[in-house]
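Structural features, examined
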Amino acid sequence: MQYYKLNHIRQLESESIFLMREVAAQFEKPVLMFSGGKDSITMARIAQKAFWPGKIPFPFLHVDTGHNFEETIQFRDDLMEELGVDLIVAKVQDMIDAGRVKEESGPNASRNKLQIPTLLKALEDHGFDAAFGGARRDEEKARAKERFFSHRDEFSQWDPKNQRPELWNLFNGNKNVGEHFRIFPLSNWTEMDVWQYIAAEDLDIPSLYLSHSRDVVNREGVFLAKNQYITLRDDENYEEKDVRFRTIGDMTCTGAVLSGAKTVPQIIEEVASARMTERGNRADDKRSEAAMEERKKQGYF
């Protein structure tokens, strides 16, 4: 394991711990966004270290589309019990039932965009003034524009051209009534860094990240897992493949990759040779060139 215990990983960890402590000092009611994926698992461990031997001083929030993998939900619940933190689940289905949002239809229907009003309502209902997110700058072009402290106006909108300077690790969390901040402790991390950290810390991960046999359909170059929420086109069929997931999200848009990596060290080797970013397997990001940036401006992470 010495191979994974790299100095730069510990430097990144120290930076992220500093960010979390700074948020705890500046804000009254922070919350950590938790999806059950590798980035939020990493943030959870960093939060443990930041406030040890005390408990993590803020709750976790999961925006549940209702179309999540069962393995993810079970892992989430088990980890919350282990950490002893309060978990708030904001459900997209509740917003649909209340008539606040309208579900998409068609073969490419996704609830991903419906997470935006669901998240904003949860932040408002609970009065959170800072929300930790696991976004990294290597994931996607829009996320590369973020600062550590990302200001949101009273309408929860993001203006990438109007972010505050962050010189010498000085962070300005001043805000007006109704405004809040998104905090990104993993901004300087890469996908490789996250996996090396998981290896160094020997963290448990959802089984979806490891190679397994699953029925998938190849839709425009994205392998989507068989589930009751996908409508096959006339020319589509499911076929069994050995796959794993590089990201974990809504089953209708989270694509798998062909893989034989059954251990974290094997995943690290695979990531080192990858030629496509992890979000290149997300069908929702392929809708337009600026899909992520538009969602972020509306309030998405």
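Described below are features of the structure shown in this document. Just so we're clear, the structure is a prediction, and the values are computed from it rather than from any experiment. (Residues numbered from 1 in each chain as written. Predicted model: local features only at pLDDT ≥ 70, side-chain atom pairs only at ≥ 80, totals over all residues. Heavy atoms only, no water.)

**As for the overall build of the chain**
For the chain, the helix and strand inventory stands at eight helices and ten strands. Put simply, the chain has 301 residues, and 55% of those count as buried. In the chain, once contacts between residues fewer than 6 apart in sequence are set aside, the share between residues at least 24 apart is 73%. As displayed, the chain offers around 14,300 Å² of accessible surface, 47% of which is attributable to carbon and sulfur atoms. (Helix = DSSP H or I, 4+ residues; strand = E, 2+ residues; numbered from the N terminus. Buried < 20%, exposed > 50% of the residue type's maximum accessible area, 1.4 Å probe, protein only. Contact = heavy atoms within 4.5 Å. Areas by Shrake-Rupley, 256 points an atom, 1.4 Å probe, with all protein chains shown as cover.)

**Structural notes on the packing of helix 1 (residues 7-26) against helix 2 (residues 38-51)**
Where helix 1 contacts helix 2, the two axes come as close as 9 Å, and the packing angle between them is 70°. The angle between helix 1 and helix 2 falls in the class roughly perpendicular. The hand of the helix 1/helix 2 crossing is right-handed. When helix 1 is examined against helix 2, the residues R10, E13, S16, I17, M20, R21 and A24 are found in contact with a partner set consisting of M43, I46, A47, K49, A50 and F51. (Axes fitted to C-alpha atoms, helices over the stretch in contact; angles between N-to-C directions. Parallel < 35°, antiparallel > 145°, perpendicular 65-115°, else oblique. Left-handed = near helix turned anticlockwise from the far one by under 90°.)

**Quick word on the packing of aromatic side chains**
A complete count under the given rule lists twelve aromatic pairs for this structure. For K29, the ring lying beneath its charged end belongs to F128, and the centroid distance is 5.6 Å. It is R137 that lies over the ring of F148; its NZ or CZ is 5.3 Å from the centre. (Phe/Tyr/Trp six-rings, centres within 6.5 Å; stacked < 30°, edge-to-face > 60°. Lys NZ or Arg CZ within 6 Å of the ring centre and 35° of its normal.)

**Comments concerning the pairing of strand 8 (residues 222-225)**
Of the two faces of strand 8, the one carrying V222 and L224 and the one carrying F223 and A225 are both buried. Where strand 7 (residues 212-219) and strand 8 come together, four bridges link them in antiparallel fashion. Bridging across to strand 8, V216 finds its partner in A225. Linking two consecutive strands that pair antiparallel, namely strand 7 and strand 8, is a turn of two residues; a positive phi of about 55° is found at E220 within it. Of the strand pairs in this sheet, strand 8 and strand 10 (residues 255-258) are connected by two bridges, and their pairing is antiparallel. Within the sheet, the bridge partner assigned to F223 lies in strand 10 and is A256. (Pairing = 2+ DSSP bridges.)

**What about unusual backbone geometry?**
Note that the residue after W52, namely P53, is joined by a cis bond; omega there is 10°. Within the secondary structure, P53 sits in the loop between helix 2 and strand 2 (60-64). Positioned with a positive phi, D202 is a non-glycine residue whose angle comes to about 55°. Since its relative accessible area comes to 66%, D202 is described here as exposed. Not every positive phi belongs to a glycine, and E220 is a case in point at roughly 55°. Mapped onto the secondary structure, E220 falls in the loop between strand 7 and strand 8.

In short, shape yes, function no, at least from these values alone.
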